[in-house]
Amino acid sequence: MDFSLNKYEDEFQSSLTNRLSKLLPQDWGDKSFIINNTDSEWKKIAKNVTNDLSKDRLLTQAWPEEYGGIGASHLKQAVFNHILSYINAPLNNMTGVNWIGPALMMYGNKEQKELYLPRIAEALDQWCLLYSEPTAGSDLASLQTRAVKNGDNYIINGQKIWASNAEDANFGLVAVRTNPDAPKHKGLSTLIVPMDSAGISINPIKDINGKESLNEVFFDNVQISSKNIVGEENRGWYQMASSLDYERSGIATFSTAKRNLEKLIDITKLIPEITENKKSYREDIANHWIEMNTGFNLAIKIPLLQDRGINPTYESSISKLYGTELTQKIAQTSIQLLGTHGQLKKNQGMFEVSEKYLAAIASTIAKGTSEIQRNTIARQGLGLPR
Ligand SMILES: Cc1cc2nc3c(=O)[nH]c(=O)nc-3n(C[C@H](O)[C@H](O)[C@H](O)COP(=O)(O)OP(=O)(O)OC[C@H]3O[C@@H](n4cnc5c(N)ncnc54)[C@H](O)[C@@H]3O)c2cc1C
């Protein structure tokens, strides 16, 4: 296998970069380092960029054509994602694209696939993922939200937490317990819920930076048609586990690492006094640069495997673990090096690292913690016993 990225990147980088330059503000190069994804300006740009790219179904290009893709290779999709992330292009439909779409493609019925997938591809709906609960995160099988069959409906009661962007979503995929008497892995199901259903309430949670992009979602006797069940009743655990394995190349993490390191190097050259008394900074940056390049090799392997019909499982965990831990290391080096320069808000030409440093803490928790990734690598990659 040839893992080098440049070989694939050159093919369509210029056309995509050209397209994005028409959608992004002229000063995006500088602004992209200081804007936050909860800012109204970010949201407005994200809507334009997402709508434009979704017109041609580019965010879902590796999906089959009948479900909203254009039949591109997984490799092409990964390189596309790399270019977007390297520019830090804002997007607002990624829960649908990365999580809900793959789950519906694997387990949805014909009607659900035909109805929802093209709408996700074309950014007509916003989705949220309603899996985690206050006492069920890594151990998702212990979730308590109940769905009780009542004629042609389910009545849902319970609480979800950490639901990203639920405030903007019109649909959610909720994990519920449909059989409380079965062993915990065997009584779960997933249901599609319109977020404007009577009995759903959303409560924003402030994150470590004081921003509101996470939510608690409460279900109080919410009535949902039983047609909205995804896959088989009580098989939800197995479905969730396998759809979480789907496309997790994690390439975007390394693209962001590259852009952040390049910015850090530029600032270091521009303001040499920040390096005074910081003897190890050259070594730190050089090490991160090597790690970033190693990471690209780990990430690009995943779409190459998928294009050969192999489902990557532990490979995705390696990429996720390595990438998110690198994100934290780069944030730490940046804050040590830039100090107070990196704490000034909206400091044009600078890299606002204090928020990035705090936000990086969540990266090794969201989408499965580092410990859970190590468990997957140990069991599925190395065949070690439980
Ligand atoms: C920014 C962000 C966005 C998120 N978005 C969503 C979303 O949109 N929808 C959603 O449903 N959820 C979302 N989550 C929740 C996320 O999936 C959970 O936080 C994550 O799975 C961990 O669960 P937990 O928080 O309950 O921690 P716990 O599972 O309680 O873990 C606590 C600690 O114990 C360790 N641990 C747990 N089990 C094991 C084990 N078996 N072996 C070794 N160590 C273990 C963990 O690694 C961790 O260090 C989001 C989280 C974050 C931070």
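Predicted, not measured: the structure shown is a model, and the values here were computed from it. (Residues numbered from 1 in each chain as written. Predicted model: local features only at pLDDT ≥ 70, side-chain atom pairs only at ≥ 80, totals over all residues.)

Undergrad: Explanation requested: the overall build of the chain in the structure shown.
TA: Secondary structure assignment for the chain yields twelve helices and eight strands. A principal-axis box enclosing the C-alpha atoms of the chain has dimensions of 70 × 50 × 40 Å. Residues classed as buried in the chain amount to 39% of the 386 residues present. Considering only contacts within the chain whose residues lie at least 6 apart along the sequence, 72% involve residues at least 24 apart. (Helix = DSSP H or I, 4+ residues; strand = E, 2+ residues; numbered from the N terminus. Buried ≥ 20, exposed ≤ 12 C-beta atoms within 10 Å, placed from the backbone. Contact = placed C-beta atoms within 7 Å.)

Undergrad: I would appreciate a short explanation of the nonpolar core in the present structure.
TA: Inside soluble globular proteins, nonpolar side chains tend to come together where they are buried. Grouped together as the largest cluster of nonpolar side chains are 82 residues, with contacts concentrated most on Leu130, Leu173, Ala175 and Leu191. For leucine 173, the residues in contact, after removing those within four places along its chain, are Ile100, Ala103, Trp127, Leu129, Leu130, Thr190, Ile192 and Val230. (Core = buried A, V, L, I, M, F, W, Y, C linked by C-beta atoms within 7 Å.)

Undergrad: Can you walk me through the packing of helix 5 (residues 94-107) against helix 6 (residues 110-121) in this structure?
TA: When two helices pack together, their arrangement is given by the angle between their axes and by how far apart the axes lie. Their axes nearest at 10 Å, the elements helix 5 and helix 6 cross at an angle of 165°. Considering their axes alone, helix 5 and helix 6 lie roughly antiparallel with respect to each other. The two elements helix 5 and helix 6 meet at a crossing, and its hand is left-handed. Note on element contacts: helix 6 touches helix 5 through Gln112, Lys113, Tyr116, Leu117 and Ile120, opposite Gly96, Val97, Ile100, Gly101, Leu104 and Met105. (Axes fitted to C-alpha atoms, helices over the stretch in contact; angles between N-to-C directions. Parallel < 35°, antiparallel > 145°, perpendicular 65-115°, else oblique. Left-handed = near helix turned anticlockwise from the far one by under 90°.)

Undergrad: I tried to follow the site of the ligand on my own but got confused; where do I start?
TA: Taken together, 18 residues sit near the ligand, with Tyr131, Gly137, Ser138, Thr369 and Glu371 positioned nearest. Secondary-structure elements contributing two or more residues to the shell around the ligand are strand 1 (127-130) and helix 12 (370-381). When residues in the shell around the ligand are grouped by element, the largest group, three residues, is from helix 12. Each residue belonging to the shell around the ligand can be placed in one class, and the counts come to ten nonpolar, seven polar and one charged. Formed jointly, the shell around the ligand draws a minimum of three residues from each of two domains, domain 2 (127-232) and domain 3 (249-381). (Near = placed C-beta within 6 Å. Nonpolar A, V, L, I, M, F, W, Y, C, P; charged D, E, K, R; others polar. Domains from an automatic or database assignment.)

Undergrad: What should I look at first to understand the pairing of strand 4 (residues 171-177) in this one?
TA: Every other side chain in a regular strand lies on the same face of the sheet, so the side chains alternate between the two faces. Counting buried positions along strand 4 yields seven of seven residues, so the element is predominantly enclosed. Both strand 4 and strand 5 (residues 188-194) contribute to a ladder of seven bridges, which runs antiparallel. Residue pairing for strand 5: leucine 173 is matched across the bridge by isoleucine 192. (Pairing = 2+ DSSP bridges.)

Undergrad: Help me understand the environment of threonine 275, please; the structure alone is not making it clear to me.
TA: Along the chain, the position of threonine 275 falls in the loop between helix 8 (251-270) and helix 9 (281-307). Threonine 275 gets classed as partly exposed once you count the C-beta atoms within 10 Å, which come to 14. Counting along the chain gives 57 residues from threonine 275 to phenylalanine 218, while the straight-line C-alpha distance between them is 50 Å.

Undergrad: Would you mind showing me how to read the environment of isoleucine 267 here?
TA: Relative to the helices and strands, isoleucine 267 is located in helix 8. A tally of 22 C-beta atoms within 10 Å means that isoleucine 267 is categorised as buried. For isoleucine 267 and leucine 326, which are 59 residues apart along the polypeptide, the C-alpha to C-alpha distance reads 20 Å. Those residues in contact with isoleucine 267 that lie beyond four places of it in its chain are Leu338, Met350 and Phe351.

Undergrad: In this structure, what is going on with unusual backbone geometry? I would like to understand it.
TA: As a rule of thumb, non-glycine residues mostly have phi less than zero, and peptide bonds are mostly trans rather than cis. A positive phi angle is found at alanine 123, which is not glycine, with a value near 60°. As for its position among the elements, alanine 123 is in the loop between helix 6 and strand 1. The buried category is assigned to alanine 123, around which 23 C-beta atoms lie within 10 Å.

Undergrad: Sorry if this is basic, but what is going on with the domain arrangement of the chain here?
TA: Interfaces are frequently sized by the accessible area removed from exposure as the parts join. Assigned domains of the chain: these are domain 1 (7-92), domain 2 (127-232) and domain 3 (249-381). Computed from C-alpha atoms alone, the centre-to-centre distance between domain 1 and domain 2 is 30 Å.

Undergrad: So what exactly am I meant to see when it comes to the environment of phenylalanine 80 here?
TA: You can see phenylalanine 80 is positioned in helix 4 (residues 74-87). Judged by C-beta crowding, with 22 C-beta atoms within 10 Å, phenylalanine 80 ranks as buried. In this structure, the C-alpha to C-alpha distance between phenylalanine 80 and glycine 172, residues 92 residues apart in sequence, is 27 Å. In this structure phenylalanine 80 touches Leu16, Leu58 and Gln61, once residues within four positions along its chain are discounted.

Undergrad: Would you take a moment to explain helix 4 for this structure?
TA: One turn of the α-helix equals 3.6 residues, which is why residues spaced by three or four share an orientation. Compared with an ideal rise of 1.5 Å per residue, which puts 14 residues at 20 Å, helix 4 spans 20 Å between its outermost C-alpha atoms and is within 8% of the ideal. Listed in full, the buried residues belonging to helix 4 are Gln77, Ala78, Val79, Phe80, Asn81, His82, Leu84 and Tyr86. (Expected span 1.5 Å × (residues − 1).)

Undergrad: Can you help me understand helix 7 (residues 236-244) in this one?
TA: For helix 7, the set of buried residues is Gly236, Trp237, Gln239, Met240 and Ser243. Buried positions in helix 7, seen along its axis, are confined to an arc of 165° and lie on one side of it. (Arc of directions from axis to C-beta.)

Undergrad: Help me understand the packing of helix 10 (residues 314-338) against helix 12 in this model?
TA: Closest axis-to-axis distance for the helix 10/helix 12 pair is 9 Å, and the angle between their directions is 145°. Crossing of helix 10 against helix 12: the hand is left-handed. Of helix 12, the residues touching helix 10 (which contributes Tyr314, Ser317, Ile318, Lys320, Leu321, Thr324 and Glu325) are Ser370, Gln373, Arg374, Thr376, Ile377, Gln380 and Gly381. Broken down by class, the residue content of the contact of helix 10 with helix 12 amounts to four nonpolar, seven polar and three charged.

Undergrad: Can you walk me through the pairing of strand 1 in this structure?
TA: Of the two faces of strand 1, the one lined by Trp127 and Leu129 and the one lined by Cys128 and Leu130 are each fully buried. Relative to strand 4, strand 1 runs parallel, the two being bridged by four bridges. What sits directly across from tryptophan 127, in strand 4, is phenylalanine 171.

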